[in-house]
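A look at the structure
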Amino acid sequence: MAMADGYGLFWNSNSGDRKYDAQSFEKWLKKFFTSGVFEGDLQVLASSGMTVQVQTGYSNVNGKVGLFESATNVTLSAANSRYPRVDTIIIERNDVNRVIQIDKVTGAYTGENPQPTAPIWDETQGIYQLVLAQIYVGAGVSSISQEDITDKRADTDVCGYIAGTVNEMDFSQFTAQFEQYFAGFKAGTLADVTQWFADRKNKFETWQSGQETALAAWQENREDNYEAWYSMQRTSFLNWVREMQEAMGEDPSSAIIALTQELDERLGLLEHMVIQNDITCPITDDDGALLVCDDDSALLAEMSYKMA
């Protein structure tokens, strides 16, 4: 079975059978190092006036290594008197000139809200740019402060840190699939929850309506019972008043005095019988009829209680 030839790196040459060039190293580095800068390298700091300073560091630009062993000063163009702009500090790989260098890109004047110029990544031109920082150049300013500088080294859209020796796995397909699943799950769950709340609301409103009806009936029943009780009590009171009026006649004061005198006499008789041990009482037959004498006077019995 025939086997396909592979492309292997690296062996020492044996009679000139192994020849390697810069492209060989580039192909090798592309698989082991992502484009970007190492963390902590090539920070852009404000210096003096319109000058900023790029610190030392190491970069990898699509397989080509850029090593800057000393700090690099970059002087920005003078500010516009009316409009602000956003400049970018870049690392540029230029295959035509065969160089990797630190440079600046002066931003365009687009009004009060300027936007930075996008970096170039063009294999046809052989130009690849990484953005180290964006610098806001205000209208009429004569110097740059650190707060005007936005560090873009960690932004993978324009630069990125070389955090690993190989590209990280692309989970975009899994992410898209999960997001689609989650969107469906979310929609279904939202519908279920919405229906659940609607059912609970309908049941509560039905229960509430029943309670209101029961309360209204209970209140009406209590009112009817109260009115009946009040009417009965009023009638009873009026009857008592009428009976009292009838008992007292036209002269209530005299009737009350006579009644009081009668009660006093009765109390006096009771006190006499108890204190004097002289008790008399009428005699009745078995049917409760009062026994009387020939002169129709009541037949009385005299009694006394035994002293201890």
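Fair warning: this is a prediction, and the values are worked out from it, not measured in the lab.

**With respect to the pairing of strand β10 (residues 127–137)**
- By the criterion of burial, β10 is predominantly enclosed, with 10 of the 11 residues buried.
- Bridge count between strand β7 (residues 85–94) and β10: 10 bridges; the pairing is antiparallel. Bridge pairing links Ile91 to Leu130 in β10.
- As paired elements, strand β9 (residues 121–122) and β10 share two bridges and run antiparallel to each other. Its bridge partner being in β10, Trp121 is matched across the sheet by Tyr128.
- Connecting the antiparallel pair β9 and β10 is a turn made up of four residues, with Gly126 showing a positive phi of about 70°.
- For β10 and strand β11 (residues 149–151), the ladder comprises three bridges, and the chain directions are antiparallel. Paired with Ile135 across the bridge in β11 is Ile149.

**Focus: a negative patch on the surface**
- The grouping of Glu220, Glu223, Asp224 and Glu227 at the surface amounts to a negative patch.
- Structurally, Glu223 can be placed in helix α2 (residues 172–248).

**Some thoughts on the side chain of Thr51**
- Tracing the backbone shows Thr51 in strand β3 (residues 51–54).
- At a separation of 3.0 Å, a polar atom in the side chain of Thr51 contacts the side chain of Thr75.
- Setting aside residues up to four positions removed in sequence, Thr51 forms contacts with Ala46, Asn73, Val74 and Thr75.

Conventions adopted
Residue numbers restart at each chain and count upward from 1, following the sequence in its written direction. Local features are withheld for residues below a pLDDT of 70 in this predicted model, meaning they are given only at 70 or higher, and side-chain atom pairs are given and counted only at 80 or more; totals for whole chains, interfaces and linings count all residues. Side-chain metrics in this entry use all non-hydrogen atoms of the structure; hydrogen atoms and water are not considered. Three labels apply to residues, based on accessible area from a 1.4 Å probe with only protein chains included: buried if under 20% of the type maximum, exposed if over 50%, partly exposed otherwise in between. Each helix corresponds to a stretch of at least 4 residues labelled H or I by DSSP, and each strand to a stretch of at least 2 residues labelled E; elements are numbered beginning at the N terminus. Strands qualify as paired when DSSP identifies two bridges or more between them. A patch consists of residues whose relative accessible area exceeds 30% and which take part in no salt bridge; residues with like charges are grouped when within 9 Å of each other, and nonpolar side chains (Val, Leu, Ile, Met, Phe, Trp, Tyr) when within 5 Å. Where accessible areas are quoted, they stem from the Shrake-Rupley method and a 1.4 Å probe; at the residue level, only the protein chains shown are allowed to cover. Note on definitions: salt bridges are taken to be side-chain nitrogens of Lys or Arg within 4 Å of carboxyl oxygens of Asp or Glu. The positive count covers Lys and Arg only, the negative count covers Asp and Glu only, and His and the chain ends enter neither. To locate a charge, the coordinates of NZ of Lys, CZ of Arg, CG of Asp or CD of Glu are taken. Between N or O atoms, a polar contact is any pair within 3.5 Å; within protein, one atom must be a potential hydrogen donor and the other a potential acceptor, and residues adjacent in sequence are included only when both atoms are from side chains. Here, residues are in contact when the closest pair of their heavy atoms is within 4.5 Å.

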